Amino acid sequence: MDTITKIFLGPAAAWTAKVGIAGLLSVGLGIYWLINKRARLRDLAELRRKLAELRPSDPEYGAVRALYTSMVVDAERWSFFHSGSGDDRGSDGDHAADGGSGGGNH
């Protein structure tokens, strides 16, 4: 190989490796985010069912309600819920608004 090829080949290989690693990392993080999102939504639905079964007088009710509310806040923060047209959240069941209703809405 001549000198000009060596000058360009080194930086091109390094740049290609960096771009490849960055691409694989972003794809891996995207897949992890999707799997984590589904798992959290599944756990949230399970807590919602348990909250619907419990009565406010049950000893577990306060802890389940607090955990459910915390998970709803986290899900809202990470945009796990689909937002409808505009800011209309009626189709989602008003997740954050059912904390004091005893959980009978879901």
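The structure contained in this document is the topic of the report that follows. (Residues numbered from 1 in each chain as written. Predicted model: local features only at pLDDT ≥ 70, side-chain atom pairs only at ≥ 80, totals over all residues. Heavy atoms only, no water.)

A closer look at the overall build of the protein chain
- Each helix and strand counted, the protein chain has two helices and zero strands in total.
- Considering the protein chain as a whole, with its 106 residues, one finds that 18% of them fall into the buried category.
- Taking the contacts inside the protein chain whose residues are at least 6 apart along the sequence as the reference set, 56% of them involve residues at least 24 apart.
- With the model as given, the accessible surface of the protein chain reaches about 7900 Å², and the carbon-plus-sulfur share is 61%. (Helix = DSSP H or I, 4+ residues; strand = E, 2+ residues; numbered from the N terminus. Buried < 20%, exposed > 50% of the residue type's maximum accessible area, 1.4 Å probe, protein only. Contact = heavy atoms within 4.5 Å. Areas by Shrake-Rupley, 256 points an atom, 1.4 Å probe, with all protein chains shown as cover.)

A closer look at the environment of alanine 75
- Here alanine 75 lies in helix H2 (residues 61-77).
- Exposure remark for alanine 75: the relative accessible area of 3% places this residue in the buried category.

Here we look at the environment of glutamate 60
- Tracing the chain through its elements places glutamate 60 in the loop between helix H1 (3-53) and H2.
- Residues glutamate 60 and lysine 50, spaced 10 residues apart in sequence, show a C-alpha to C-alpha distance of 9.9 Å.
- Leaving out residues up to four positions away in the same chain, glutamate 60 has contacts with Lys50 and Leu54.

On their own, these measurements won't tell you what the molecule is for.
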